[in-house]
Amino acid sequence: MSDPAASPTNRRKFLFACTAAAAAPLAARSAFAQSKEKVDENSPQAKALNYRHDAKQVKDPKRKPDQFCNNCQLYQAKASDAWGPCALFAGNLVAAKGWCNAWVKKA
Ligand code: SF4
């Protein structure tokens with residue numbers, strides 16, 4: 001088994017990987033801190049995606065009863081958080097119990 005710190009190049013790569021791993025939660029927290037406004041359901045983007053804060057209000061044949069933002073791959077908060085950033089609505093928060101027609105099952 002090789003020691004990751006055995007050569008200067010490997011040591012640099014190892015330290016870079018450690019730094020990146022340590023910084024990832026901070027970056028996610030920063031993105032959350034910048035996303036403070038709730039999505040406006042009447043915005044053109046929200047309307048185009050059929051987004052609603054309350055998924056049960058959605059009248060879209062694509063939606064299945066168990067689909068919500070907090071179990072979508074694009075939801076960027078803990079499933080237990082009531083609101084969180086979404087990759088599609090940069091700078092805004094979507095509701096954990098919301099939905100839009102871009103929903104993708106969380107891996
Ligand atoms: Fe919610 Fe996913 Fe649509 Fe974003 S992409 S609004 S998390 S259902």
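Residues numbered from 1 in each chain as written. Predicted model: local features only at pLDDT ≥ 70, side-chain atom pairs only at ≥ 80, totals over all residues. Heavy atoms only, no water.

Engineer: Tell me about the overall build of the chain, and name the residues and values.
Structural biologist: Broken down by element type, the chain carries two helices and three strands. Secondary structure elements of the chain, listed N to C terminal, follow the sequence α-β-α-β-β. In the chain, which comprises 107 residues, the proportion classed as buried is 26%. Long-range contacts, defined as pairs at least 24 residues apart, comprise 59% of the intrachain contacts of the chain with a sequence gap of at least 6. In the structure as shown, the chain presents an accessible area of about 7,300 Å², 59% of it carried by carbon and sulfur atoms. (Helix = DSSP H or I, 4+ residues; strand = E, 2+ residues; numbered from the N terminus. Buried < 20%, exposed > 50% of the residue type's maximum accessible area, 1.4 Å probe, protein only. Contact = heavy atoms within 4.5 Å. Areas by Shrake-Rupley, 256 points an atom, 1.4 Å probe, with all protein chains shown as cover.)

Engineer: Describe the environment of A48, naming the residues involved and giving the relevant values.
Structural biologist: Note that A48 resides in helix α2 (residues 44-49). Given the relative accessible area of 59%, A48 is considered exposed. Separated by 52 residues in sequence, A48 and C100 place their C-alpha atoms 9.1 Å apart.

Engineer: Please provide a residue-by-residue account of the environment of A77, values included.
Structural biologist: Relative to the assigned elements, A77 resides in the loop between α2 and β2 (83-85). Looking at A77, the relative accessible area reads 17%, which means it is buried. Sequence-distant contacts of A77, defined by excluding residues within four places in its chain, comprise W83, G84 and P85.

Engineer: For the site of the ligand, give the residues involved together with the corresponding values.
Structural biologist: The environment of the ligand is formed by Y51, C69, C72, L74, Y75, C86, L88, F89, V94, C100 and W103. Residues that form the shell around the ligand fall into these classes: 11 nonpolar, no polar and no charged. (Near = heavy atom within 4 Å. Nonpolar A, V, L, I, M, F, W, Y, C, P; charged D, E, K, R; others polar.)

Engineer: Report on unusual backbone geometry, specifying residues and quantitative values.
Structural biologist: Here the phi dihedral of N50 falls at roughly 60°; this positive angle occurs in a residue that is not glycine. With respect to the element layout, N50 can be found in the loop between α2 and β2.

Engineer: A description of the pairing of strand β3 (residues 92-95) should follow, citing residues and the corresponding values.
Structural biologist: Sheet analysis places strand β1 (residues 37-38) next to β3, joined by two bridges and oriented parallel. Bridge pairing links E37 to N92 in β3. The pairing of β2 with β3 spans three bridges and is classified as antiparallel. In the strand pairing of β3, G84 is matched with V94. Hairpin connection, β2 to β3: the antiparallel pair is bridged by six residues, and G91 has positive phi, about 85°. (Pairing = 2+ DSSP bridges.)

Remember, this is a structural readout, not a statement about activity or role.
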